[in-house]
Structure formats: C-alpha cells, structure tokens
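# Architecture at a glance
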Amino acid sequence: MLSLPLEIAADAGDFAMLVPRSYVRRMQPGNPADPLLRQVLPVAAEHQPADGFVADPVGDLAATRGPGLLHKYHGRVLLVLTGACAVNCRYCFRRHYPYATATATLRQLQPVLDQVAADESVDEVLLSGGDPLMLGDDLLADLVGRLEDIPHLRRLRIHTRLPIVLPERVTSELAELLGRSRLQPVVVVHANHANELDHQVAEALRQLSTAGAMLLNQAVLLRGVNDNLPALRALSERLLDLKVMPYYLHQLDRVAGAAHFEVPVERGLELIRQLRAELPGYAVPRYVQEIAGEPNKRVLA
Ligand SMILES: *Cc1c(COP(=O)(O)O)cnc(C)c1O
Ligand code: SF4
C-alpha cells in the first residue's frame, strides 16, 4: 500500500485549513499517518496538477436549475443553501464550487421553492451544501415549514458532516424539528473512519434516531485513510452499533488538488469483495461513482 505524501503545504491556497477542536481531539497525537489528520491537513501534493483532475468533476454546474437548485436525478432535487462547512476536507469535490453565485440566498429561496412546488415528480428534497446544518435552527424550521406546504413532498433528506465533526450542533431543538415534521427525515452523515465516531458523536446520532430520522452514512474511499479491509470493516461495524446504515462508499471525484487521495477502482472492488465475505449484506455499502450526465450514481459493486 502506498502511503500519502507527507510534506505539509506552506500555503493551503484558497481552501484554508479548517477543523473543529473536538475532531482534533480524536486524532492520535504525534502520529503523522493519523487517518483523521490526513483528511484535513493541507499537503504540498495538492498543488501538483494531475491529468483528469478538474474544478467541477461531477457536472454540478450543468445540473443547476436556479440559484442553489440542482436537479440531476429523477424525483430528487438538491438545495444548496450555504457554502459554509465546519471542516474543510482536503478531498472535497466542492472545493472549487462557486458558492458565491450558485447558492440560494434566503431572498431567492421562494422562487426556488416555487419551482419545486411546480414539479410533481419531485417527492424528496435534499439539503446539501456546504453543510446545511451550518444554518441555524430558526432558519431550518422556517425552511422545513415551507417544504411541508408542498403537498407532493414525502421526504426531507439532510446531507451533513456536522454530527460527525461537530456533534454539539445536534441540539434537542434540531432533533425535535425533524421529529415533528410530516416529512420523513433522512439524515445522511459522512464519516470515513471508525475513529471519527466517538461517544459524543454516538450521542448526537442517538438523538437523531430517537427523533425518528433514518440514518445513513456515506464515506469516500481515500488513500491513506480507509483503503484497507480492517478500516472499512471497523467503520461499518461501528456505524451499525450507532444504528447508521453504511449507504455509499464513493470512488473519489477527480477534483483538482485531490489526486493523491485516489484509490484505483480495482482495489476498491477487491475491498468490497472482501468486506462482503466477512459482514452481513446490510453492513456493506454500495460502492458508487458519480459520472456527469448519467441518470443515477453508477454502482460499481
Ligand atoms: C448524490 C445526489 C443525489 C442523491 O442521490 P441518491 O443516489 O438518491 O443518494 C441527488 N442529487 C444530486 C445532485 C446528487 O449528487
Ligand atoms: S463536509 Fe462535505 S462539503 Fe464540507 S468540506 Fe467536507 S466533504 Fe466538502
């Protein structure tokens, strides 16, 4: 197994280093190969251009239907309300996304909601970002209320890394807000390694599941972080302990600056085969890759 280049970047470029303290506390002090550190530490390799690694690898800009509204897949629309995150993951496929112009501001929100209301084929709204839980509870409550008024919506899905990186963000107000909605809440968290899932994270997830949210996890297959069988197995087992279904394992999107995280697809397929031989079927995530222009994410295994 190749290890990740270690030379720390003198300059993080236009994607600053950003990590919550509680996440840093889950790292092993003095270990430069720590799988959590690797996800957030700017390294010099980010500045090396790599063939095929581009600014918008998944065609998001082409799927934009209005400020902050992406409609790529049947029945589901994705709302981007903020570009803010509590952490800057170095492999993030949105690291070059033009949030300043492609985010729905609150003033622009009503026209976006009107578009959702006008399309009866849409039954699920996904809040994404950035991280939608960077918005305050009042604002989210207002938004959920307005979504509930659209009769053909059935589910509200929130894609968020905050319960993992900043579990104190999961307030009882937030859990109640989701629990009392007529929309079925689905919370898709993002953890890549079992060490991210400490007791505080467990408590945040417990609150969400007690409130009635369905909990799923998506991870990204990352060189030097989770590209080995013990790491992936421990992640799945820990997620199941916390009542979270391992939903997706993403092949890395080829975003400029992230080439050093890439794991070959053949290696990913082999890891999934090994996982499947050791774990119950529901503990094995679908290994997927996003291909611009396809009608769904491509299932590799
Ligand atoms: C990934 C994604 C979705 C959700 O896809 P699922 O396969 O239902 O999880 C929806 N919209 C966009 C733009 C996406 O990238
Ligand atoms: S939390 Fe998600 S959107 Fe935010 S930087 Fe990390 S991968 Fe990107």
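Residues numbered from 1 in each chain as written. Chains lettered and ligands numbered in written order. Predicted model: local features only at pLDDT ≥ 70, side-chain atom pairs only at ≥ 80, totals over all residues. Heavy atoms only, no water.

Here is the rule: UniProt positions are given in the numbering used here, feature names are shortened, and annotations may be inferred rather than shown by experiment.
Identification of the chain as L-lysine 2,3-aminomutase from Aeoliella mucimassa is taken from an unreviewed UniProt entry. UniProt annotates the chain under Catalytic activity (unreviewed entry) with the comment "L-lysine = D-beta-lysine". Under the UniProt heading Sequence similarities (unreviewed entry), the note attached to the chain is "Belongs to the radical SAM superfamily. KamA family."

## Description of the site of ligand 1
Spelled out, the test is: We call a residue near a molecule or strand when any one of its heavy atoms sits within 4 Å of it. Each accessible area value is a Shrake-Rupley result obtained with a 1.4 Å probe; residue values ignore everything except the protein chains displayed when judging cover. Only runs of H or I of at least four residues qualify as helices and only runs of E of at least two qualify as strands under DSSP, and these elements are numbered from the N terminus. When residues are sorted by character, Ala, Val, Leu, Ile, Met, Phe, Trp, Tyr, Cys and Pro go into the nonpolar class, Asp, Glu, Lys and Arg into the charged class, and all the rest, Gly among them, into the polar class.
Inspection of the region around ligand 1 gives K72, Y73, R76, L78, L126, R157, Y247, Y248, E290 and K297 as its neighbouring residues. In isolation ligand 1 exposes 380 Å². Once the protein is present, 92% of that is buried. The set of elements that each furnish at least two residues to the shell around ligand 1 consists of β2 (69-73), β3 (76-80) and β8 (245-250). Grouping the amino acids of the shell around ligand 1 by side-chain chemistry returns five nonpolar, no polar and five charged.

## A short note on the side chain of E46
Test applied: Burial classification: accessible surface area is computed with a 1.4 Å probe over protein chains only, and a residue below 20% of its type maximum counts as buried, one above 50% as exposed, and the rest as partly exposed. Residue contacts follow a heavy-atom distance rule, with two residues in contact if any of their heavy atoms lie within 4.5 Å.
With respect to the helices and strands, the residue E46 is situated in the loop between α2 (35-40) and β1 (64-66). Its relative accessible area of 8% is what places E46 among the buried residues. Once you skip the residues sitting within four places of it in the chain, E46 turns out to touch L41, R90, R95, G257 and H260.

## Some points on the packing of helix α9 (residues 229-241) against helix α10 (residues 265-278)
The line we're drawing: Simply put, an axis is a line fit to the C-alpha atoms, just over the touching stretch for a helix, and the angle between two N-to-C directions goes from 0 to 180 degrees. Reported orientations rely on four angle classes, namely roughly parallel under 35 degrees, roughly antiparallel over 145, roughly perpendicular from 65 to 115, and oblique for the rest. By convention, the crossing between two helices is left-handed when the near helix turns anticlockwise from the far helix through less than a right angle, and right-handed when the turn is clockwise.
Following both chains from N to C, one finds α9 and α10 inclined at 50 degrees, their axes separated by 10 Å at the closest point. When the interaxial angle is binned, α9 and α10 end up oblique. Handedness of the α9/α10 crossing: right-handed. Two secondary-structure elements touch here, α9 through L229, L232 and R233 and α10 through L271, Q274, L275 and E278. Among the residues forming the contact of α9 with α10, the class breakdown is four nonpolar, one polar and two charged.

## Here we look at the UniProt feature "binding site: [4Fe-4S] cluster" (unreviewed entry) in the chain
UniProt annotation of "binding site: [4Fe-4S] cluster" (unreviewed entry) refers to C85, C89 and C92 when read in the numbering used here. As for its position among the elements, C89 is in the loop between β3 and α3 (99-102). If we ignore the near neighbours within four places in the chain, the residues touching C89 are F15, Q39 and R161. Its location among the elements puts C92 in the loop between β3 and α3. Here C92 falls in the partly exposed class, since its relative accessible area comes to 23%. The residues contacting C92, other than those within four sequence positions of it, are F15 and V255.

## Considerations on the pairing of strand β5 (residues 155-159)
The condition is simple: One bridge is not enough; two strands pair if DSSP finds at least two bridges between them. With strands facing away from the observer, any crossover in which the path from the first strand over the helix to the second runs clockwise is taken as right-handed.
Extensive coverage of β5 is indicated by the burial of four of its five residues. Across four bridges, the pairing between strand β4 (residues 124-128) and β5 is parallel. Counted as the bridge partner of L127 is I158 from β5. Following the backbone out of β4, through helix α5 (residues 137-148) and into the adjacent parallel β5, one traces a crossover that is right-handed.

## A short note on the pattern of salt bridges
Applied cut-off: Any Lys or Arg side-chain nitrogen found within 4 Å of a carboxyl oxygen on Asp or Glu counts as a salt bridge.
Applying the stated criterion across every chain, the model contains 18 salt bridges. Two residues, D60 and R94, come together in a salt bridge whose shortest N-O distance is 3.4 Å. Here D60 is found in the loop between α2 and β1, whereas its partner R94 is found in the loop between β3 and α3, with 34 residues between them in sequence. The buried category is assigned to D60, whose relative accessible area is 3%. When its relative accessible area of 10% is taken as the criterion, R94 is described as buried. A salt bridge links R233 to E278; the shortest N-O distance between them is 2.2 Å. Of this pair, R233 sits in helix α9 while E278 is found in helix α10, placing the two residues 45 residues apart along the sequence. Residue classification places R233 among the partly exposed residues on the basis of a relative accessible area of 26%.

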